[in-house]
Amino acid sequence: MSPCTFDDALPRALEQIRGTFAGIDFADVRFIRDMNGRVHLVLPDSADQAEVVAARPHLADALGAYSPGSETGLVRLSDTLFGGALMDEPFLVQDINGTLIRLIERRVVGQDWALAPGTEAGASVVHPPRVSFFSLKGGVGRSTALFLWGRELAAQGKRVLLLDLDLEAPGLGAQLLPDDARPEFGVVDWLAEDLVGSPMAEAMLVERMLVARSPLADPGYLYVAPATGKRTAQHPAGFIAKLARAYLDNDRGGGEDFAVRVRRLLGTLERALEPDLVLIDSRAGLHETAAAAILHLDADVLLFATDQPTVWEGYRYLLAQLAQMAHIHPAGDDDWRLRLKMVYARASEKQGALEGFRSRAYELWLDGLYDEQPAGGAEEAFSFAETDDAAPHYPLQILNDPRFEQFNPLEHLSTVGAAAIASSFGPFMAALDERVLGNEDLEAVDHAD
């Protein structure tokens, strides 16, 4: 037998259990992958103890380096430290050659990717509409779209808060706030102070040292909570050191992970500023911080993509992860998958290009997050036609315009012109008005000059 790899471990464990415990119900089995990737198996107490003991060395041989050892890798439920409580832990569902297994992930980082939206304490608190802007890579116009829509709404009298969670490549502060208008601190500072329970974390919020109004929406209310503020600009050598700590869990209560901490920060800002809408600039890529913006801020999520093979490959990984949580539907909530929406960024005007993008997005969702249509059609499935414009895969569209490449609002907004904004971003913003705010007839405002 060849050495076991990470990708081999779960199928091999499944094969061993199926071969030894014929007829076992895998809904009663828990596969646990520990922080090193080793696989533990917990069987129901109905499994014969003598057979469990006899199966252990065979399982350890099959898993090789991914076995925790022949004495501990296979146990019955009552022999675990958790007992019956283990069955109540959140789990992912993986389809391995037609068999659904329940997988509990133990991670040092990345745990937010293993928790479904709406299942966390405090996730359902009333708040203004939130929209996360996500992309796999930078340079697709994600932050520009966020700013232009926020500015448009501010000009219509809405109070809009922009939150920068692209902490490793902060941009909103530099793009929307002149140096002398930046707040004293940023999100990274708050996370660093909150980690150690510093009173400065609360002071930043109470005294509004974390937010500033952008002059680009004057006289509108366009609040910006940047990743960094004046203090980091004065002490740049400390930025990476603070960033390394920003993602850590704190010891508040039973401990808060990154998503919980950001949700608390966001809720406090919302109570203080009373925005009508919050737009969140997510980190690009599949880092832990992106999981928070996609899954755990109770937000609509825009998935920006260009029509490139590398982008589709990345989204295939993302949707495959999310598909493992498709079985989870918090009581009283609509299906969380409806809150996702593809965006065709830097799009071509050619109809064939749009149809090609839509087709590739549809295939991606069919393989990932859409349900298979049940036989007979009696049971409602989460599935859509390719041409259904309300479907998550059917993209909103932002036309490519070279004037928005390297776009810096502080320098270029006055020269790019309202017509260019309307041509490239107008349909996108109108669609969001309707989708998020239910407005179908918002009047476009010319305020670029």
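Here is a short report on the structure shown in this document.

Rules and cut-offs
Residues numbered from 1 in each chain as written. Predicted model: local features only at pLDDT ≥ 70, side-chain atom pairs only at ≥ 80, totals over all residues. Heavy atoms only, no water. 1 Å grid on protein atoms, 1.4 Å probe; cavity = no way out; pocket = protein on both sides within 12 Å on 5 of 7 lines; lining within 4 Å. Points joined across faces, edges and corners; volume = space filled by probe spheres on them. Helix = DSSP H or I, 4+ residues; strand = E, 2+ residues; numbered from the N terminus. Nonpolar A, V, L, I, M, F, W, Y, C, P; charged D, E, K, R; others polar. Phe/Tyr/Trp six-rings, centres within 6.5 Å; stacked < 30°, edge-to-face > 60°. Buried < 20%, exposed > 50% of the residue type's maximum accessible area, 1.4 Å probe, protein only. Lys NZ or Arg CZ within 6 Å of the ring centre and 35° of its normal.

So, about empty space enclosed by the protein. All chains considered together, the criterion is met by three cavities of 30 Å³ or more. Taken as a whole, the largest cavity spans an internal volume of roughly 60 Å³. A total of four residues in the lining of the largest cavity trace back to one element, the largest contributor, which is helix α9 (residues 258-273). When grouped by side-chain class, the residues that make up the lining of the largest cavity number seven nonpolar, one polar and one charged. When its volume is computed, the second largest cavity comes out at roughly 40 Å³. Taken together, Arg56, Leu59, Ala60, Leu63, Ser67, Pro68, Gly69, Ser70, Gly73 and Leu74 make up the full set of residues lining the second largest cavity. Top element by residues in the lining of the second largest cavity is helix α2 (residues 49-63). It accounts for four residues. For the lining of the second largest cavity, the per-class residue count stands at five nonpolar, four polar and one charged.

Here we take up the packing of aromatic side chains. A full pass over the atoms with the stated rule returns 15 aromatic pairs. Ring geometry for Tyr221 and Tyr223: centres 6.0 Å apart, planes at 40°, overall tilted. On the accessibility criterion, Tyr223 (6% relative accessible area) is buried. An aromatic cluster of at least three residues, connected via ring pairs, comprises Tyr362, Trp365, Tyr370, Phe382 and Phe384. Its guanidinium or amino end placed over the ring of Tyr221, Arg159 lies 4.7 Å from that ring's centre, counting from NZ or CZ. Against the face of Tyr221 rests Arg213, its NZ or CZ located 4.2 Å from the ring centre.

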